[in-house]
Amino acid sequence: MSRKRGCSRWLLLASCAHFCFLLPPLRSRAFALGVVPEGAEDEAELPVLQKSEKSGTISKKSKELKEIVFIIQSQSNSFHSKRAEDLKRDILKQAADLGKELPTVLLIHQMDGHEGAWTILPLMRDFSVTYGRNSSWIFFCEEDTRIQVVKLLETLGRFDESKEWFLGKALYDEESTIIHHYAFAEDPTVFKFPDFAAGWALSIPLVNKLAKKLKSEPLKSDFTIDLKHEIALYIWQKGEGPHLTPVPEFCTDDVGSHAVDHCATTFTNFLPLCGEPVKKEDVFVAVKTCQKFHSDRIPVVKQTWEREAARIEYYSDYADSSIPTIDLGIPNTDRGHCGKTFAILERFLNHSSPRTPWLVVVDDDTLISIFRLRKLLSCYDPSEAVFLGERYGYGLGTGGYSYITGGGGMVFSRVAVQKLLASKCRCYSMDAPDDMVLGMCFSGLGIPITHSPLFHQARPMDYPKDYLSHQIPVSFHKHWNVDPVRVYFTWLAPSTEESRNGKEARHNREDL
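Residues numbered from 1 in each chain as written. Predicted model: local features only at pLDDT ≥ 70, side-chain atom pairs only at ≥ 80, totals over all residues. Heavy atoms only, no water.

## Overview of the pattern of salt bridges
Move 1: One pass over the structure, following the stated rule, counts 22 salt bridges.
Move 2: As a salt-bridge pair, Glu-101 and Lys-66 come within 3.8 Å of each other at their nearest N and O atoms. Residue Glu-101 is located in the loop between helix H4 (78–97) and strand S2 (104–107), and its partner Lys-66 is located in helix H3 (residues 60–66); the two are separated by 35 residues in the primary sequence.
Move 3: According to the relative accessible area criterion, Glu-101 is buried, its value standing at 9%.
Move 4: Between Asp-97 and Lys-93 there is a salt bridge, with the nearest N and O atoms lying 2.8 Å from each other. On the criterion of helical spacing, the pair formed by Asp-97 and Lys-93 is a turn pair, its members being four residues apart in helix H4. Each member of the pair, Asp-97 as well as Lys-93, is classed as exposed.
Move 5: What emerges from the salt-bridge pattern is a single network uniting Lys-82, Asp-86 and Arg-89. (Salt bridge = Lys/Arg side-chain N within 4 Å of Asp/Glu carboxyl O. Helix = DSSP H or I, 4+ residues; strand = E, 2+ residues; numbered from the N terminus. Buried < 20%, exposed > 50% of the residue type's maximum accessible area, 1.4 Å probe, protein only.)

Here it is, written out as structure tokens:
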């Protein structure tokens, strides 16, 4: 679902959707974690962190390590939760090998039963009341971030933890972009935000300040589109709060690179492959289109990625045998395409082979690498209810929902489609935003959204170059002011070597 500059229309749609499928508000994450006893309304009643059972004095470095709270931005899907658990074990092993007291390491998907925990800001008060007295830093990282604990201690030791610090590897926009609501249009390079892959840190005084602000000024019901940019904006507070301080030791270079000797963090930058890629025949691709785009968008699909798909159908409001397209009997709309998408889901369940485990739904202006998607899907269990793509959120500070944004592609396991359609959750109108309604439905079913940063709702130039430099992308979206064929062959087309042996080759990515 494309989002145009007129955001008010989408806010209206989102508001309607939110009230039609009203979900209960988030519970207190501290109570959900079991770290705040019921009835403990005052900070004085909160439990303090456990003291070390080791005898003797605590070394300065040991004390510092104990005062870091590691937050891994994990997900509940079995593939992702295992990777996060592996990282947690590695952090704790490094601490144990050093003979240090173990730090607190938390997995964010275990902190609350609601998917809104991934937006982090709603958890700030719980961080403050639980760790605000006995800790110095909250350090956030992704499941693929690799941490050298000693170097991280040395790096954080350069900063006075009694002051407000927001630390990370700095990203910035070279031009204003829709995914950041065209912020800082005059010069977007002036505003820096953290690359989550490198890890980022908040000092406890800043956490306490944010918690106090959030208590008096709760987060508004609004979209979460690019979390790293939106968190930086909230901390910045229109210039009254701290800017991001760039830390050169927070890196996204691969762990095997010679450039990482100085790094406290590195990033495993590869396309996950967990065995053989899934078979071509195991992926059914559904392309949403309409008659007015048959002549300009469909030829791009046929020139680029169609050849990678063994099973593909085009769904339109007009049957055109030259493509061919299938008329689902759903009129085209200028807004959302909920009716069409649910018709596609019904058709997949009732007319495709029951042995086809995966469905991909894309727009006619989505550019996607089915070859890379097949590799990625090797890491997911098709017997689970999987709904995969680029995650957005709506109203997550006040009990909203997460959803997969449609333009980057939505991937469903057959099991997920079966559970969705069995639930009778449907569109509240035929032109409702399909991706948001799907998010509400899956949220109501307790089926989590699975996020992959390799899917993209926008074009390559809408993202910082340094952010894309450690990705092997699966998709981009929109043909606006770009040559889409060139974008595909620059960013997404498999090389000869890649196709032959399944390994990713680096591509010459031009300035697109």
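## Re empty space enclosed by the protein
Move 1: Applying the stated criterion to the full structure yields three cavities of 30 Å³ or more.
Move 2: Considered as a void within the structure, the largest cavity measures approximately 800 Å³ in volume.
Move 3: With three residues, H4 is the single largest residue contributor to the lining of the largest cavity.
Move 4: When its residues are assigned to classes, the lining of the largest cavity shows 20 nonpolar, 11 polar and nine charged.
Move 5: Two domains share the lining of the largest cavity, each providing at least three of its residues, namely domain 1 (62–267) and domain 2 (280–492). (1 Å grid on protein atoms, 1.4 Å probe; cavity = no way out; pocket = protein on both sides within 12 Å on 5 of 7 lines; lining within 4 Å. Points joined across faces, edges and corners; volume = space filled by probe spheres on them. Nonpolar A, V, L, I, M, F, W, Y, C, P; charged D, E, K, R; others polar. Domains from an automatic or database assignment.)

## What about the state of the cysteines?
Move 1: Considering all chains together, one arrives at four disulfides under this definition.
Move 2: Shown here is the disulfide that connects Cys-251 with Cys-263, its sulfur atoms set 2.1 Å apart. Here Cys-251 and Cys-263 share a disulfide; its torsion about the S-S bond, -95°, makes the bridge left-handed. One end of the pair, Cys-251, is in the loop between strand S10 (245–246) and strand S11 (265–267); the other, Cys-263, is in the loop between S10 and S11, with 12 residues separating them in the sequence. Across this residue pair, the class does not change: Cys-251 and Cys-263 are buried.
Move 3: Here Cys-425 is linked by a disulfide to Cys-441, with a sulfur-sulfur distance of 2.1 Å. Note on the Cys-425 and Cys-441 pair: the S-S dihedral is about -75°, so by sign convention the disulfide is left-handed. Of the two residues, Cys-425 sits in the loop between helix H12 (414–422) and helix H13 (434–445) while Cys-441 sits in helix H13, which places them 16 residues apart along the sequence.
Move 4: Residue Cys-441 is classed as buried on the basis of its relative accessible area, which comes to 3%.
Move 5: The connectivity of the disulfide-linked cysteines in the protein, indexed sequentially, is 1-2, 3-5, 4-7, 6-8. (Disulfide = S-S within 2.5 Å.)

## Remarks on the packing of helix H5 (residues 124–131) against helix H7 (residues 204–216)
Move 1: Contact pair H5 / H7: the axes reach a minimum separation of 8 Å and the direction vectors enclose 130°. Compared by their axis directions, H5 and H7 come out oblique. For H5 against H7, the interelement crossing comes out left-handed. Contact residues: Met-124, Arg-125, Phe-127, Ser-128 and Tyr-131 in H5; Ile-204, Val-207, Asn-208, Leu-210, Ala-211, Leu-214 and Lys-215 in H7. (Axes fitted to C-alpha atoms, helices over the stretch in contact; angles between N-to-C directions. Parallel < 35°, antiparallel > 145°, perpendicular 65-115°, else oblique. Left-handed = near helix turned anticlockwise from the far one by under 90°. Contact = heavy atoms within 4.5 Å.)

## Observations regarding the sheet that holds strand S1 (residues 68–73)
Move 1: Sheet architecture is open: six strands sit in the order S2-S1-S3-S8-S5-S10, paired in mixed fashion. Of all strands in the sheet, those bounded by a partner on one side alone are S2 and S10.
Move 2: Sheet topology places strand S5 (residues 166–168) next to strand S8 (residues 200–203); three bridges connect them, and they run antiparallel. Each residue of the ladder has a partner; that of Gly-168, found in S8, is Trp-200.
Move 3: In this fold H7 packs onto strand S3 (137–142), S5 and S8, with an angle of close to 75° to the strand it touches most, S8. (Pairing = 2+ DSSP bridges.)

## Details of the confidence of the model for the protein
Move 1: Looking at the protein, pLDDT values average 86 and 83% of them are 70 or higher.
Move 2: Low pLDDT, under 50, characterises residues 1–59; the predicted model gives this stretch 122 contacts beyond four residues in sequence or across chains.
Move 3: The model gives residues 500–508 a pLDDT under 50, and that stretch makes 22 contacts with residues more than four places away or in other chains. (pLDDT = per-residue confidence, 0-100.)

## Considerations on the sheet that holds strand S18 (residues 391–394)
Move 1: An order of S9-S18-S19 is seen for the three strands of this open sheet, with the pairing classed as antiparallel. Of all strands in the sheet, those bounded by a partner on one side alone are strand S9 (223–224) and strand S19 (401–404).
Move 2: Of the strands in this sheet, S9, S18 and S19 are in contact with H13, which crosses S19 at around 130°.

## Some words on the nonpolar core
Move 1: With 114 residues, the main nonpolar core has Met-124, Leu-202, Leu-373 and Phe-412 as its most contacted residues.
Move 2: Three or more residues apiece are contributed to this core by two domains, here domain 1 (62–267) and domain 2 (280–492). (Core = buried A, V, L, I, M, F, W, Y, C linked by side-chain atoms within 4.5 Å.)

## Focus on the side chain of Glu-390
Move 1: Considering the arrangement of structural elements, one finds Glu-390 in the loop between strand S17 (387–389) and S18.
Move 2: Lys-228 provides the closest opposite charge to the buried, salt-bridge-free Glu-390, at an N-O distance of 7.2 Å.
Move 3: At 2.7 Å, the side chain of Glu-390 forms a polar contact with the backbone nitrogen of Gln-457.
Move 4: If sequence neighbours within four positions are ignored, Glu-390 has contacts with Tyr-403, Ile-404, Thr-405, His-451, Ser-452, Phe-455, His-456, Gln-457 and Tyr-463. (Lys, Arg positive; Asp, Glu negative; His and termini not counted. Polar contact = N/O pair within 3.5 Å; in protein donor to acceptor, adjacent residues only side chain to side chain.)

## Quick notes on the pairing of strand S15 (residues 358–363)
Move 1: When you tally the buried positions in S15, you get six out of six residues, the bulk of the element.
Move 2: Of the two faces of S15, both are covered, the one formed by Trp-358, Val-360 and Val-362 as well as the one formed by Leu-359, Val-361 and Asp-363.
Move 3: As judged from the four bridges shared by S15 and strand S20 (residues 410–413), these two strands associate in the antiparallel manner. Its bridge partner lying in S20, Val-360 is registered against Val-411.

## Here's the deal with the packing of aromatic side chains
Move 1: Throughout the structure, instances matching the rule amount to 23 aromatic pairs.
Move 2: Plain terms: the ring middles of Phe-70 and Phe-139 are 5.9 Å apart, the flat faces sit at 70° to each other, and that makes the pair edge-to-face. On the criterion of sequence distance, the pair formed by Phe-70 in strand S1 and Phe-139 in strand S3 is long-range, its members being 69 residues apart.
Move 3: Of the residues examined, Phe-70 reaches a relative accessible area of 0% and is grouped as buried.
Move 4: Note on Phe-284 and Phe-348: the rings are 6.0 Å apart at their centroids and 55° apart in plane angle, and the pair reads as tilted. Taken together, the residues Phe-284 in strand S12 (residues 283–288) and Phe-348 in helix H10 (residues 338–351) connect sequence positions 64 residues apart. The same class applies to Phe-284 and to Phe-348, which are both buried.
Move 5: The rings of Phe-127, Phe-140, Phe-166, Phe-196 and Trp-200 are connected pair by pair, giving a single aromatic cluster.
Move 6: Positioned over the ring face of Phe-293 is Arg-297, at 3.5 Å from the centre of the ring.
Move 7: The ring of Trp-118 carries Arg-391 above its face, with NZ or CZ at 4.0 Å from the centroid. (Phe/Tyr/Trp six-rings, centres within 6.5 Å; stacked < 30°, edge-to-face > 60°. Lys NZ or Arg CZ within 6 Å of the ring centre and 35° of its normal.)

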